[in-house]
Amino acid sequence: MNLQEQIKKFEPFNEQERADKEMMLEYINTFPDVLTRENKMCHFTASNWIVNKERTKVLMIYHNIYQSWAWTGGHSDGDDNLLHVALKEAEEETGLKYLKVLSDGIYSLEIVTVDCHIKRGKFVPSHLHLDCCYLLEADEKEPLRIKEDENSGVKWVDIDKVIEITNEPKMVPIYQKLNDKLLELEQKTK
């Protein structure tokens, strides 16, 4: 199933996801380069909400550009298999080798604004990340490592402390939504 079909199939959790789903589908139909950073206005990214087996902790990285604890993830760079991108980024940014995919397809959709910044010595203008997030599980005992060119910390955070440690106000409602969805999912499976 291609990315457009996956997004069409996605069932929104709230109004934000409904609106972002509609915009993502419109961007896919409007821009032929929406999977690459060649599109300076908006492009697809894949992120992860990595939880432990007990669903009490989330794995976060300290993102060097944003100077904040954040989820893992990265640019699709032409790959329309965003689950593949998400898994690759999770391993690169944390060192985890054994990740279990918990979501049946895309776990969450969000369009995230990215302010202008310098990356590897080059100016990056403000743009939008069309993000597809995946729910993953990892073992807390598995060794972690830092990817020094992108992050300066990797740690498990109590799920109810995630909001407290982020320095990005725009991410607070997203992380809260991811936790709310997790709680709802856990209640459905009991």
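Note: the structure precedes this text.
Everything numeric here is computed off the predicted structure, so don't read it as measured data.

Before going further, it helps to examine the environment of Met-24. Summarising the element assignment, Met-24 is placed in helix 2 (residues 15–30). The spacing of Met-24 and His-129 is 105 residues in sequence and 10.0 Å in space, taken between C-alpha atoms. Excluding anything up to four places from it in sequence, Met-24 contacts Ile-7, Phe-44, Leu-109, Glu-110, Ile-111, Leu-130 and Asp-131.

What follows concerns the nonpolar core. Counting residues in hydrophobic clusters, the biggest one holds 30 residues, and the most contacted among them are Ile-7, Phe-44, Ile-50, Leu-82, Leu-130, Cys-132 and Tyr-134. Listed by contribution, the elements that provide at least two residues to this core are helix 1 (3–9), helix 2, strand 1 (42–51), strand 2 (57–63), helix 3 (82–94), strand 6 (108–114), strand 9 (127–137) and strand 10 (151–158). Residue contacts for Ile-50: discarding those within four places in its chain leaves Lys-57, Val-58, Leu-59, Thr-72, Ala-90, Leu-96, Leu-99, Leu-136, Ala-138 and Trp-156. Residues Val-58, Met-60, Tyr-62 and Cys-133 belong to the second largest nonpolar core, which totals 19 residues.

Over its 18 residues, helix 5 (residues 172–189) runs 26 Å from end to end, which matches the ideal 26 Å to within 8%, given 1.5 Å per residue. Those residues of helix 5 that fall on the buried side of the exposure criterion are Ile-174, Tyr-175, Lys-177, Leu-178, Asn-179, Lys-181 and Leu-182.

Parameters at a glance
Residues numbered from 1 in each chain as written. Predicted model: local features only at pLDDT ≥ 70, side-chain atom pairs only at ≥ 80, totals over all residues. Heavy atoms only, no water. Helix = DSSP H or I, 4+ residues; strand = E, 2+ residues; numbered from the N terminus. Contact = heavy atoms within 4.5 Å. Core = buried A, V, L, I, M, F, W, Y, C linked by side-chain atoms within 4.5 Å. Buried < 20%, exposed > 50% of the residue type's maximum accessible area, 1.4 Å probe, protein only. Expected span 1.5 Å × (residues − 1).

Just geometry here; none of it tells us what the structure is for.
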